[in-house]
Amino acid sequence: MNPQASLIPDFDLSSRNTLALRARSRFGIAIENAAQLPILFAEAARRALPVRVLGGGSNVVLAADFDGITALMATRGKAIIEQREDVTIIEAQAGETWHDLVCWSVEQGLGGLENLALIPGTAGAAPVQNIGAYGAELADLFESAMVYDRNSGGTTSFTRADCAFAYRHSVFKEDKDRYIVLSIRLALPRDWRPNLNFAGLAELADDPALTPQSVMERVIALRQSKLPDWRLHPNAGSFFQNPIVSAEMAAPLLAEFPAAPHFPQPDGRLKLSAGWLIEKSGLKGFRLGPVGISDRHALVVVNHGGGQQADIAALANHVKSTVRTRFGVQLHEEPVFL
Ligand code: EPU
């Protein structure tokens, strides 16, 4: 690779983030082969420019102007690589679109990923925030990942334990400027059992001919009925994490609203519903300048047109302080500000 030739100056990222924020980068580059990375970092060091890495741009709030190099992971490839007694191991390169990987695995007759259908973004980004939906989480199926370590310049394999997965969290989110996920391996059970422990899926249990395909179709229909499509209403999915609080902290809220959604955690704390808290704070459909809270789902922040990072930050601060004042609960953003 000739990094000089591959760096695209004044790179427009407005169509590369699902919030459609107006964002530019001094340079952009598509990474089609992991071997480009050490060359890119050497070139960036020579120019004294920072490098940030983007997957599908579906969980980021991009700065209006980035004075550095934005590397877009565009490596491709997915395959079945091993059959074990209990699981089938599949591998995907970082730039693969997550939903295409889910559809492909289901077409191969493999179950396990169907509850995670239609999540925007790439395979390489999936472990960063440990994507999850409808009672399933990436961590449940994760086998390993090949990871580029920017500190050492080397590539290592991370096991599930190395990734330190938690709810919408991992070591990659913790240390976001250090690691780049190059590929992931997932272990899909050969003895497939549908995971229907979620409102909207439970009624499928009566269907004797259930397949990964039919569960996937239901998940797609559920998501489409609840969440605004980012192509029509630019958004980054859930904008806040569902807060996990102590039983004492939740007590006043539950005394006032005994039916408020709350889910006991293994450590005794309670997971509350951020969407419910935001709606009850009167903010569903609220607008601040060019951005606002979706009128369909209170957990989703929408760019109505022309929004930038500062507009999103102002809205997020308003939502957090309103919910804190009303319920004494601190919300935390789910997407990463870059
Ligand atoms: N709710 C409201 N008002 C709203 C939206 C939700 O009151 O406007 C309440 C309802 O009571 C509902 C509850 O919130 O029962 C939960 O809502 P929902 O089932 O839509 O799930 P969620 O907790 O808001 C989480 C994930 C989603 C995932 C869904 C389904 C987080 C932060 N979000 O949302 O993930 O699709 O469950 O499993 O955990 C994402 O991370 O980008 C994402 C979309």
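Residues numbered from 1 in each chain as written. Predicted model: local features only at pLDDT ≥ 70, side-chain atom pairs only at ≥ 80, totals over all residues. Heavy atoms only, no water.

This next bit is on the pairing of strand 7 (residues 87-93). Counting buried positions along strand 7 gives 6 out of 7 residues, so the element sits mostly inside the fold. As paired elements, strand 6 (residues 78-83) and strand 7 share 5 bridges and run antiparallel to each other. The partner of Lys78 across the bridge, within strand 7, is Ala92. Turn length for the strand 6-strand 7 hairpin, with the two strands adjacent in sequence and antiparallel, is 3 residues. Sheet analysis places strand 7 next to strand 12 (residues 179-189), joined by 7 bridges and oriented antiparallel. By the bridge assignment, Gln93 is partnered in strand 12 with Ser183. (Buried < 20%, exposed > 50% of the residue type's maximum accessible area, 1.4 Å probe, protein only. Helix = DSSP H or I, 4+ residues; strand = E, 2+ residues; numbered from the N terminus. Pairing = 2+ DSSP bridges.)

The subject of this paragraph is the site of the ligand. Neighbouring the ligand are 23 residues, the closest being Tyr134, Tyr167, Ser273, Glu279 and His297. Side-chain polar atom of Tyr167 to an oxygen atom of the ligand: 2.7 Å apart, as the coordinates give it. Here an oxygen atom of the ligand sits 2.7 Å away from a polar atom, N or O, in the side chain of Ser273. Isolated, the ligand exposes 820 Å² of accessible area, and the fraction of that covered by the protein chains is 80%. At the level of secondary structure, the elements contributing two or more residues to the shell around the ligand comprise strand 8 (132-133), helix 7 (212-226), strand 13 (235-238) and helix 9 (274-280). A total of 3 residues in the shell around the ligand trace back to one element, the largest contributor, which is helix 9. Each of domain 2 (78-225) and domain 3 (228-337) gives at least three residues to the shell around the ligand. (Near = heavy atom within 4 Å. Polar contact = N/O pair within 3.5 Å; in protein donor to acceptor, adjacent residues only side chain to side chain. Areas by Shrake-Rupley, 256 points an atom, 1.4 Å probe, with all protein chains shown as cover. Domains from an automatic or database assignment.)

Turning next to the packing of aromatic side chains. For the structure on display, the rule yields 10 aromatic pairs. Look at Phe257 and Trp276: their rings are 5.2 Å apart centre to centre, the planes differ by 80°, and that puts the pair in the edge-to-face class. Here the residue Phe257 occupies a position in the loop between helix 8 (247-256) and strand 15 (262-264), and Trp276 occupies one in helix 9, the gap between them amounting to 19 residues. Site record: aromatic cluster; members linked through ring pairs are Phe158, Phe172 and Tyr179. Sitting above the plane of the Phe27 ring, Arg47 keeps its charged end 5.0 Å from the centroid. (Phe/Tyr/Trp six-rings, centres within 6.5 Å; stacked < 30°, edge-to-face > 60°. Lys NZ or Arg CZ within 6 Å of the ring centre and 35° of its normal.)

Looking at the assigned domains, one finds that the protein chain contains domain 1 (3-73), domain 2 (78-225) and domain 3 (228-337). Measuring from the centre of the C-alpha atoms in domain 2 to the corresponding centre in domain 3 gives 25 Å. Taken together, both faces of the contact between domain 2 and domain 3 bury some 720 Å²; the carbon and sulfur share is 44%. Our count for the contact surface shared by domain 2 and domain 3 stands at 1 salt bridge. Where Arg168 meets Glu334, a salt bridge forms, and the shortest distance between an N and an O atom there is 3.2 Å. (Buried area = accessible area lost by both parts, 1.4 Å probe. Salt bridge = Lys/Arg side-chain N within 4 Å of Asp/Glu carboxyl O.)

Attention now moves to the sheet that holds strand 12. Spatially, 5 strands are ordered 6-7-12-10-11 in an open sheet, and the strand pairing comes out antiparallel. One side of each edge strand has no neighbouring strand; the edge strands of this open sheet are strand 6 and strand 11 (154-159). Averaged over neighbouring strand pairs, the angle between their axes works out to 20° when direction is ignored. In this sheet, strand 11 lies alongside strand 10 (residues 142-149) in antiparallel orientation, the contact comprising 6 bridges. Bridging across to strand 11, Ala145 finds its partner in Phe158. Lying over the sheet, helix 3 (residues 98-107) contacts strand 6, strand 7 and strand 12, oriented at roughly 50° with respect to strand 6. (Axes fitted to C-alpha atoms, helices over the stretch in contact; angles between N-to-C directions. Contact = heavy atoms within 4.5 Å.)

Between its terminal C-alpha atoms helix 2 (residues 36-47) stretches 17 Å, which fits the 16 Å expected from 12 residues at 1.5 Å a residue. Of all the residues in helix 2, the buried ones are Gln36, Leu37, Leu40, Phe41, Glu43 and Ala44. One side of helix 2 holds all its buried residues, which, seen down the axis, span an arc of 165°. Residues of helix 2 that are exposed and point more than 90 degrees away from the buried face comprise Ala45 and Arg46. Looking at the residues trailing helix 2, positive phi occurs at Ala48, about 55°. (Expected span 1.5 Å × (residues − 1). Arc of directions from axis to C-beta.)

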